[in-house]
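Notes for the structure review
Residues per chain, in single letters:
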Amino acid sequence: MSPKPPEFKPASLDDWAKAAARSAPGGDVSALSWHTPDGISVKPLYTAQDIKDLPYTDTLPGFEPYIRGPQATMYAVRPWTIRQYAGFSTAEESNAFYRKALAAGGQGVSVAFDLATHRGYDSDHPRVTGDVGKAGVAIDSVEDMKILFDQIPLDKVSVSMTMNGAVLPVLAGYVVAAEEQGVSQDQLSGTIQNDILKEFMVRNTYIYPPEPSMRIIGDIIEYTAQNMPKFNSISISGYHMQEAGANQALELAFTLADGKEYVKTAIAKGMDVDGFAGRLSFFWAIGMNFYLEVAKMRAARLLWCRIMKEFNAKSPKSLMLRTHCQTSGWSLTEQDPYNNVVRTTIEAMAAVFGGTQSLHTNSFDEAIALPTEFSSRIARNTQLIIQEETHITSVVDPWAGSYMMEKLTQDMADAAWTIIEEVDAMGGMTKAVDSGWAKLKIEAAAAEKQARIDSGKDVIVGVNKYKLKTEDAIETRDIDNVAVRDGQITRLKNVKQNRDTALVQSALSAITSAAESGTGNLLDLAIRAMRLRATVGEVSDAMEKVYGRHRADTQKVTGVYAAAYDSAEGWENLKAEIDAFAEAQGRRPRVMISKLGQDGHDRGAKVVATAFADLGFDVDIGPLFQTPEECARQAIENDVHAVGVSTLAAGHKTLVPAIIAELKKQGADDIIVFVGGVIPRQDYEMLYEAGVKGIYGPGTPIPASAKDVLEQIKAALK
């Protein structure tokens, strides 16, 4: 007979508080709470009392409101899909990478396109000289698409394509390439991102203004619902919002609000909500706030179910939120880069515990350059190890019933819902985006986060704490942009020489007419044009004739960085130096922060502009997508002391020397040039030889770069 277990007297919360007070700083237990950027207070201890009034703690996976997962058995039966988001250089090189990844355990293909393709330019366009093949694969026609998917059976392998601006010709090219492989449209599976609203907020690879862009989205949802039943017509993306600086609550709220807007757009076209909503999917960033990321994904399913019920959706497929996740690229550091393997593993586990349906893990070297095969294998194996060695997949929802996680899920849902209601009061997300309000909210969050890092309040191991004295160089991938562009131009010429020009022009004219009249389906017409070998640039131009190209207003937040920077003495000393400069020179040091080429990722540029302005610099922000000639002209007209180039898409080897040469050509070589962003160390010497005065890679504290820029300006004036 088993012995009777000993009796014990449960401790009370008061008992715990007294015990905790003996260890807490100053005896204050409340000091142990973590106050997140989202406005949520995370306590050090949760009990049954914290969840006694919550409405959804007794639900099951696969059933409304899907907090515990969209499927009843989740990974116990089928693990998430392992994806490898990649694309670089030519279609041939990218195809070889995909085939190796699939052979090594990858289960789907995720395509990254170069910036020229994103922005609807063919590779021979003069505005994309430094962008072709640099941050993704160059695609100009169906011939490129056919090479990209050569020997990859498109009836068996799902394809995810991150494409928004030039979504029509790119999706059309994929459909035609599949047809010529013998795969019909109804056999295709995968996802097209097709999420233009977030482009206006953060990533900026748009082409047309918001209103016609929403028409394009509606046409794609309509066409795929009728002809491509296995294909997800839109991936509503929060990923780029968090990468641009949004906290988890902002990312969650804005992404779901975007989703509401797309549903309204499709319903306005006369579609039944249950006829298309089951093919909508979502895409989240997973950063280093482990608990918040798990809670965010659980809250997302709760809120999406609530939103879809507002649209009277009935089908379970319409009510459940399905998602792809990608570990953070922004959390990766140039300093001590092997730490990034650990960061990515932690983020991958958060995605899994949150219930993702597919996952891409970033490679440890992506803070420096495009990933190598070596680093990509480690990233892919991270997922394989979690799937096949840990038994994490054996339990459907391991966080269920956790006092902390259940409460945090509800707190996250409440914080996001408050923001969604604010958006609704403005008239929806299109209005919130068009006004610039949503973009400024994200930029303010980014500036605040950067200030906390630069002041040491938020620890980044190897960057602002536990730094190495010397950094070992690591191998990085380098793309010969000139060779790629030359090859693409040759292929473009061959395509145009071997097609029926009259038929192509007729197909392009039909697209222009449909854009003008508002009739017809633009994806259907784009497919017809691409079959005839129209190019990505030509299809984009056919609509640009009617819609024009969108130009964003250039705004910056002020005061946010200074308010969050927690190192007052150094900050005030630098401000005093800038004031002294102004008194001596009769004006403040003036800098222009610029983005050259088609790289629209402007988080770094906006944060630097905000911080420099808070310090006392006069700051101009150049418009996105400038050529070196345009940038030099504006810098001269604005009489700046320095031009700062923010570069994240590997165009620095072409575009930075070009701006220096252009300033010299226009008689302004006294204007100094400095560069910040993702720049491999081996490129530093080349840039310095070209005339760059300062290079500030990822992890450089902004006050340190500001101090250096000030000294460089002083030296140039002597």
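Keep in mind the model is a prediction, meaning the values are calculated, not measured. (Residues numbered from 1 in each chain as written. Predicted model: local features only at pLDDT ≥ 70, side-chain atom pairs only at ≥ 80, totals over all residues. Heavy atoms only, no water.)

1. Some points on the overall build of the protein
Within the protein, the regular secondary structure consists of 28 helices and 16 strands. Over its C-alpha trace the protein gives a radius of gyration of 26 Å, about what one expects of a compact globule, namely 27 Å for 718 residues. C-alpha atoms of the protein, sized along the principal axes, occupy 90 × 70 × 50 Å. Scored against the burial criterion, the 718 residues of the protein give a buried share of 59%. Restricting to contacts in the protein with at least 6 residues of sequence separation, those with at least 24 account for 79%. Working note: accessible area of the protein is about 28500 Å², and carbon and sulfur atoms make up 51% of it. Averaging the coordinates of the 74 positive side-chain charges in the protein and doing the same for the 92 negative ones gives two points 2 Å apart. (Helix = DSSP H or I, 4+ residues; strand = E, 2+ residues; numbered from the N terminus. Rg over C-alpha atoms; globule rule 2.2 N^0.38 Å. Buried < 20%, exposed > 50% of the residue type's maximum accessible area, 1.4 Å probe, protein only. Contact = heavy atoms within 4.5 Å. Areas by Shrake-Rupley, 256 points an atom, 1.4 Å probe, with all protein chains shown as cover. Lys, Arg positive; Asp, Glu negative; His and termini not counted. Charge placed at Lys NZ, Arg CZ, Asp CG, Glu CD.)

2. Some details on the packing of aromatic side chains
What the rule picks out here adds up to 23 aromatic pairs. A centroid spacing of 4.7 Å and a plane angle of 35 degrees characterise the contact between Phe-612 and Phe-617, whose relative ring orientation is tilted. A single burial state applies to Phe-612 and to Phe-617, both of which are buried. Aromatic rings pair up to connect Phe-290, Tyr-291, Phe-353 and Trp-399 into one cluster. A cation over a ring is seen here: Arg-119 above Phe-625, with NZ or CZ 3.4 Å from the ring centre. (Phe/Tyr/Trp six-rings, centres within 6.5 Å; stacked < 30°, edge-to-face > 60°. Lys NZ or Arg CZ within 6 Å of the ring centre and 35° of its normal.)

3. Things to note about the environment of Met-429
Here Met-429 lies in helix H16 (residues 429-434). Counting along the chain gives 382 residues from Met-429 to Thr-47, while the straight-line C-alpha distance between them is 38 Å. Those residues within four positions of Met-429 in sequence are excluded, and the remaining contacts are Leu-197, Met-201, Phe-254, Ala-257, Asp-258, Glu-261, Val-423 and Ala-438.

4. Some points on the sheet that holds strand E16 (residues 694-696)
Strand order across the open sheet formed by 5 strands is E13-E12-E14-E15-E16, with parallel pairing between neighbours. Each edge of the open sheet carries a strand with a single partner, namely strand E13 (618-621) and E16. Across the sheet, the mean angle separating the axes of adjacent strands is 20 degrees when strand polarity is ignored. Across 4 bridges, the pairing between strand E12 (residues 590-594) and strand E14 (residues 642-647) is parallel. From the neighbouring strand, Ser-594 faces E14, where its bridge partner is Val-645. Here helix H25 (residues 628-637) sits on the sheet in contact with E12, E13 and E14, set at roughly 160 degrees to E12. Set on the sheet, helix H26 (residues 652-665) makes contact with E14 and strand E15 (672-677); between it and E15 the angle comes to about 165 degrees. (Pairing = 2+ DSSP bridges. Axes fitted to C-alpha atoms, helices over the stretch in contact; angles between N-to-C directions.)

5. Structural notes on the side chain of Ser-235
Following the sequence through the fold, Ser-235 ends up in strand E8 (residues 234-237). Ser-235 sits in the buried class, given a relative accessible area of 7%. Those residues within four positions of Ser-235 in sequence are excluded, and the remaining contacts are Thr-191, Ile-192, Gln-193, Asp-195, Ser-281, Phe-282 and Phe-283.

6. Considerations on the environment of Phe-581
When you line up the elements, Phe-581 lands in helix H23 (residues 568-585). On a C-alpha basis, the gap between Phe-581 and Lys-714 in space is 8.3 Å, while along the polypeptide they are 133 residues apart. Non-local contacts of Phe-581, meaning those with residues more than four positions away in its chain, are made with Gly-586, Arg-587, Arg-588, Pro-589, His-641, Leu-710, Ile-713, Lys-714 and Leu-717.

7. Notes on the pattern of salt bridges
One pass over the structure, following the stated rule, counts 46 salt bridges. A salt bridge links Lys-449 to Asp-458, with the nearest nitrogen and oxygen atoms 3.0 Å apart. By relative accessible area, Lys-449 is classed as partly exposed at 23%. A relative accessible area of 19% means that Asp-458 is categorised as buried. (Salt bridge = Lys/Arg side-chain N within 4 Å of Asp/Glu carboxyl O.)

8. Brief notes about the side chain of Asn-164
Examined against the element boundaries, Asn-164 turns out to sit in the loop between strand E5 (159-162) and helix H5 (167-180). A polar contact of 2.9 Å, which involves the side chain of Asn-164, links it to the side chain of Gln-193. A polar atom in the side chain of Asn-164 sits 2.8 Å from the side chain of Glu-199. If we skip the residues at most four places from it in the chain, Asn-164 touches Gln-193, Asn-194, Asp-195, Ile-196, Lys-198, Glu-199 and Arg-203. (Polar contact = N/O pair within 3.5 Å; in protein donor to acceptor, adjacent residues only side chain to side chain.)

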